[in-house]
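# Chains, contacts and geometry: an overview
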Amino acid sequence: RRTDEGLRLTVEDNGAGLDPDKAKSGLATPPAGRKGYALRNIYRRMQLYYGDGMGMDIANNESGGARIELRLPRMPEGG
């Protein structure tokens, strides 16, 4: 959806959701013993490129499943 600040893209599922401690932190971290840094790197790159207030949020839905919301800035007309 479009907002005054830009674009918000939301992806949801109805699966088991994320580990509650990881979902509470706002950004999922890799499980113990694994080296998955992709989501954390994407989040950091989005903040570096677009600034504070942009990026992504990862959380569990109250009804089950997980939700990821990407926040992107409004691009200039014709850009």
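Here, every reference points to the structure presented above.
A short tour of the structure in this document, coming up. Just so you know, these numbers come straight off a predicted model, no measurement behind them.

## Brief notes about the environment of T3
Within the secondary structure, T3 sits in the segment before β1 (6-12). We classify T3 as buried; its relative accessible area is 17%. For the pair T3 and R74, spaced 71 residues apart in sequence, the C-alpha separation works out to 8.3 Å. Dropping the residues within four chain positions of it, T3 is found in contact with R8 and R74.

## A look at the sheet that holds β1
Here we have three strands laid out as an open sheet, ordered β1-β3-β2, and antiparallel in their pairing. One side of each edge strand has no neighbouring strand; the edge strands of this open sheet are β1 and β2 (55-60). Each adjacent strand pair in this sheet contributes to an overall mean axis angle of 15 degrees, direction not counted. Looking at chain direction, β2 and strand β3 (residues 66-73) are connected through six bridges and run antiparallel. Considered in β3, the bridge of G55 is made with R71.

## Some details on helix α2 (residues 38-50)
In this model α2 runs 18 Å from its N-terminal to its C-terminal C-alpha over 13 residues, within 8% of the 18 Å that 1.5 Å per residue would give. Trailing α2 by a residue or two, G51 shows a phi angle of about 95 degrees, which is positive.

## Looking at the pattern of salt bridges
All chains considered together, the criterion is met by two salt bridges. In this structure, the salt-bridge partner of R8 is E69, at a minimum N-O distance of 2.7 Å. With a gap of 61 residues between them, R8 in strand β1 and E69 in strand β3 connect regions that are remote in the sequence. When its relative accessible area of 12% is taken as the criterion, E69 is described as buried. Measuring nitrogen to oxygen at the nearest pair gives 2.6 Å for the salt bridge that ties D57 to R71. Linking D57 in strand β2 with R71 in strand β3, this pair joins segments that are 14 residues apart in sequence.

## A few points about the pairing of β3
The side chains of a regular strand alternate, first on one face of the sheet and then on the other. Note that β1 and β3 share seven bridges and pair antiparallel. Paired with E12 across the bridge in β3 is R67.

Cut-offs used in this document
Residues numbered from 1 in each chain as written. Predicted model: local features only at pLDDT ≥ 70, side-chain atom pairs only at ≥ 80, totals over all residues. Heavy atoms only, no water. Helix = DSSP H or I, 4+ residues; strand = E, 2+ residues; numbered from the N terminus. Buried < 20%, exposed > 50% of the residue type's maximum accessible area, 1.4 Å probe, protein only. Contact = heavy atoms within 4.5 Å. Pairing = 2+ DSSP bridges. Axes fitted to C-alpha atoms, helices over the stretch in contact; angles between N-to-C directions. Expected span 1.5 Å × (residues − 1). Salt bridge = Lys/Arg side-chain N within 4 Å of Asp/Glu carboxyl O.

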